[in-house]
Amino acid sequence: MFDPVTAFGNSFRLIRAARALARHDALFALEGMPVPHLSVRMLRWLAALRTPWERQRAADASLSPGARLAGALHELGPSYIKLGQMLATRPDIIGDQLARDLMRLQDRLPPFSQAEAREAVAQELGGAVEDHFTEFGVAVAAASIAQVHRARVADAEMQDVAVKILRPDIERAFSRDLESFFWLARLIERFGPTAQRLRPVEVVRTLADSVALEMDLRYEAAAASELAENMAGEDDAKEFRVPKIDWRRTSRRLLTLEWIDGIPIGEREALIAAGIDPNALAASVIRIFLKQAMRDGFFHADLHQGNLFVDASGVIVAVDFGIMGRLDMRNRRYLAEILFGFIRRDYKRVAEVHFEAGFVARDKSVEAFAQALRSIGEPIFGLRAGDISMSRLLMQLFQVTETFEMRTQPQLLLLQKTMVVVEGVARGLDPQVDFWSVSEPVLKQWIEAHLGPEARLMEAAESVGALARALPNLPHLIERAERALERFYGDARQEETPLARNGFANIGWWVAAAAILALMLSRV
């Protein structure tokens, strides 16, 4: 139902956003949206009504379009910074160059006051700050959602800690802006098949889900704990670790964890001076990401240089677990086959996987899609190892999938973004790193474990066992199946159609026979 008050509020906030774009000479971002040109022209006219003060603050014309857009989003605040980071994963919407520019959008804001931080600690933990921390310093880092303070505790396990505190009133600010994003996304989806294929509502929902998790720091603590557990194996521990969580001093709006003293992974010369091999670290970053994404289905989705440190023993330590990604087994299987298919240059199989996953419509040609994939893969494999770019492959893949009307897969957005960022971190350590040769052993091992003959037999056995366990409920299942068919087909029995004569009488027996067969096989 149309609500004029809500519509007015959302329109007002979006016009305010358009005016910020105008100040930074970034209104070109609206022109790529699948909406009527008249709407864009009206917004451009409204946004152009600038005060003398706003004209003085106009963006430097020498900046790239992406830099100007990043400046506008940064000015608009936390919600728009997160939106910009999400759009960086969507070159099919905003173009390759703009996506690359937005990848560099920094989530940094001025810190809120020390008094507000101390008040937040007292409210979350009770009592005075000194009841929980022997020292509590000023903010050392501030982002759109929270800021971090260095502190000390009187515990035996760890003394130096990092205390992360949510910004005051941040929940209400995000809620208001996300409402406007959803409102605009629903409007955009009404403008034809192109807008629907891009699934803007799903994109905003992915952003909203991610932000909701970031708004409760207990979830971030749990994510860090789960990641640490997944990466606790002997081989993994040689390359990667997670700071310890101080659960006693963690709540919804406050997170306390081990302070990390290490060299930022982006400081290559400092790493070399400390006797650490940056080339080995580059390969480690890629392996760590693939193990988390493919093996565990749970990965750190914000692996930029500011969140990665290297300790004295050469182990990579990650911080900031607010953005995490998950992949179910089905998507991991498809992703492994797609990446491994590119490594093997088996474009036909890569195309088939896209169709099997439902990523591309069935009425399209598998052979034509394979040909398009070959146009991406062959030029890349003609380059030297150090020039092969995963980000380039992804950008071109987006363009091809748009031609074949592939629908956006929101569950893969974080993965796509993280893969590109990981490659950038690895290239910063070793400009000649061969992403493919590092990836191949990890992918091959996973495929053998999950897609090989033994894995297929195990999967079949599990399916049979599930059917056998359902046997006690068989009479109830048969009755429900018959009732469902009766409701669906209505008076089919009275019409004496073939389904009426055979279907209703036999469906129960087919289900019973399948269940009995499953039980027999499970005991072989």
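Going by the structure above, here's the rest.
Residues numbered from 1 in each chain as written. Predicted model: local features only at pLDDT ≥ 70, side-chain atom pairs only at ≥ 80, totals over all residues. Heavy atoms only, no water.

Helix and strand counts for the protein stand at 26 helices and 10 strands. In the protein, which comprises 524 residues, the proportion classed as buried is 48%. Within the protein, contacts between residues at least 6 apart in sequence are counted, and of these 69% link residues at least 24 apart. For the protein, the accessible surface area stands at approximately 26,200 Å², while carbon and sulfur atoms represent 56% of it. (Helix = DSSP H or I, 4+ residues; strand = E, 2+ residues; numbered from the N terminus. Buried < 20%, exposed > 50% of the residue type's maximum accessible area, 1.4 Å probe, protein only. Contact = heavy atoms within 4.5 Å. Areas by Shrake-Rupley, 256 points an atom, 1.4 Å probe, with all protein chains shown as cover.)

A few words on the environment of Ala 185. In this structure, Ala 185 sits in helix α10 (residues 170-189). Judged by relative accessible area, which is 3%, Ala 185 ranks as buried. With 16 residues separating them along the chain, Ala 185 and Val 201 place their C-alpha atoms 5.1 Å apart.

What follows covers helix α13 (residues 217-230). Relative to the 20 Å expected for 14 residues at 1.5 Å per residue, α13 spans 20 Å between its end C-alpha atoms, a close match to the ideal helical length. Taken together, the buried positions of α13 are occupied by Leu 217, Glu 220, Ala 221, Ala 223, Ala 224 and Leu 227. Buried residues of α13, seen end-on, are gathered within an arc of 160 degrees and therefore sit on one face of the element. (Expected span 1.5 Å × (residues − 1). Arc of directions from axis to C-beta.)

Moving on: the pattern of salt bridges. Following the criterion strictly, the structure yields 32 salt bridges and no others. Residue Lys 164 pairs with Asp 320 through a salt bridge whose shortest N-O separation is 3.1 Å. Residue Lys 164 is located in strand β3 (residues 160-166), and its partner Asp 320 is located in the loop between β9 (316-318) and β10 (324-326); the two are separated by 156 residues in the primary sequence. Classification of Asp 320 as partly exposed rests on a relative accessible area of 28%. The residue Arg 349 makes a salt bridge to Glu 337 at a minimum N-O spacing of 2.9 Å. With Arg 349 in helix α18 (residues 347-356) and Glu 337 in helix α17 (residues 329-344), this residue pair connects regions lying 12 residues apart in the sequence. According to the relative accessible area criterion, Glu 337 is buried, its value standing at 17%. (Salt bridge = Lys/Arg side-chain N within 4 Å of Asp/Glu carboxyl O.)

Before going further, it helps to examine the packing of α17 against helix α22 (residues 435-451). It is at 10 Å that the axes of α17 and α22 come closest, and there the two elements cross at 130 degrees. On the basis of the axis angle, α17 is oblique to α22. As for the relative orientation of α17 and α22, their crossing is left-handed in sense. Every residue of α22 that contacts α17 at Met 329, Arg 332, Arg 333, Ala 336, Glu 337, Leu 339, Phe 340, Phe 342, Ile 343 and Arg 344 is listed here: Trp 436, Ser 439, Glu 440, Leu 443, Lys 444, Trp 446, Ile 447, His 450 and Leu 451. Along the lines of polarity and charge, the residues of the contact of α17 with α22 split into 11 nonpolar, two polar and six charged. (Axes fitted to C-alpha atoms, helices over the stretch in contact; angles between N-to-C directions. Parallel < 35°, antiparallel > 145°, perpendicular 65-115°, else oblique. Left-handed = near helix turned anticlockwise from the far one by under 90°. Nonpolar A, V, L, I, M, F, W, Y, C, P; charged D, E, K, R; others polar.)

In this section: the sheet that holds strand β4 (residues 240-241). Reading across the sheet, the four strands line up as β4-β9-β8-β6 and stay open at both edges, with mixed pairing between neighbours. The open sheet is flanked by β4 and β6 (263-264), the only strands paired with a single partner. The pairing of strand β8 (residues 308-310) with β9 spans three bridges and is classified as antiparallel. Of the residues in β9, the one forming a bridge with Phe 309 is Val 317. In the packing of helix α16 (residues 278-296) onto the sheet, contacts are made with β4, β8 and β9, and the angle to β9 comes to roughly 45 degrees. (Pairing = 2+ DSSP bridges.)

Here the focus is helix α6 (residues 78-87). Think of an α-helix as 3.6 residues a turn; residues three or four steps apart then line up on the same face. Among the 10 residues in α6, nine count as buried, and that is most of the element. Turning to α6, its buried residues number three or more, namely Pro 78, Ser 79, Tyr 80, Ile 81, Lys 82, Leu 83, Gly 84, Gln 85 and Met 86.

Before going further, it helps to spend a moment on the pairing of strand β1 (residues 135-142). Taken together, the five bridges between β1 and strand β2 (residues 146-152) define a ladder with antiparallel strand orientation. Across the sheet, the residue bridging to Glu 135 is Arg 152, located in β2.

Sheets are built from strands paired through backbone hydrogen bonds, the pairs being either parallel or antiparallel. Pairing is antiparallel across the open sheet formed by four strands, whose spatial order is β1-β2-β3-β5. Sheet topology places β1 and β5 (254-258) at the edges, where each strand pairs with a single neighbour. Within the sheet, the average angular offset between the axes of one strand and its neighbour, ignoring direction, is 25 degrees. Sheet analysis places β3 next to β5, joined by five bridges and oriented antiparallel.

A few words on the nonpolar core. In this structure, Phe 289, Phe 321 and Leu 415 are the most contacted members of the largest nonpolar core, which totals 122 residues. The dominant element in this core, judged by the number of residues it contributes, is α16, at 10 residues. Formed by 15 residues, the second largest nonpolar core is a distinct cluster that contains Phe 112, Ala 120, Phe 133 and Val 163. (Core = buried A, V, L, I, M, F, W, Y, C linked by side-chain atoms within 4.5 Å.)

Along the chain, Glu 220 falls in helix α13. Judged by relative accessible area, which is 4%, Glu 220 ranks as buried. When residues no more than four places from it in sequence are discounted, the contact partners of Glu 220 are Lys 164, Leu 255, Asp 320, Phe 321 and Gly 322.

Let us now look at the packing of helix α5 (residues 65-76) against α6. Two numbers describe how α5 lies on α6: the axes approach to 5 Å, and their chain directions differ by 145 degrees. Contacts from Leu 73, His 74 and Leu 76 in α5 reach Pro 78, Tyr 80, Ile 81 and Gly 84 in α6. Looking at the contact of α5 with α6 residue by residue, the class counts come to five nonpolar, two polar and no charged.

As enumerated under the stated definition, the model contains five aromatic pairs in all. A ring pair is formed by Tyr 80 and Phe 181, whose centres lie 5.0 Å apart and whose planes are at 90 degrees; its orientation type is edge-to-face. Of this pair, Tyr 80 sits in helix α6 while Phe 181 sits in helix α10, and the two are 101 residues apart along the sequence. For Tyr 80, a relative accessible area of 4% gives the class buried. Given the relative accessible area of 7%, Phe 181 is considered buried. Positioned above the aromatic ring of Phe 133 is the side chain of Arg 249, whose terminal nitrogen or guanidinium carbon lies 6.0 Å from the ring centre. (Phe/Tyr/Trp six-rings, centres within 6.5 Å; stacked < 30°, edge-to-face > 60°. Lys NZ or Arg CZ within 6 Å of the ring centre and 35° of its normal.)

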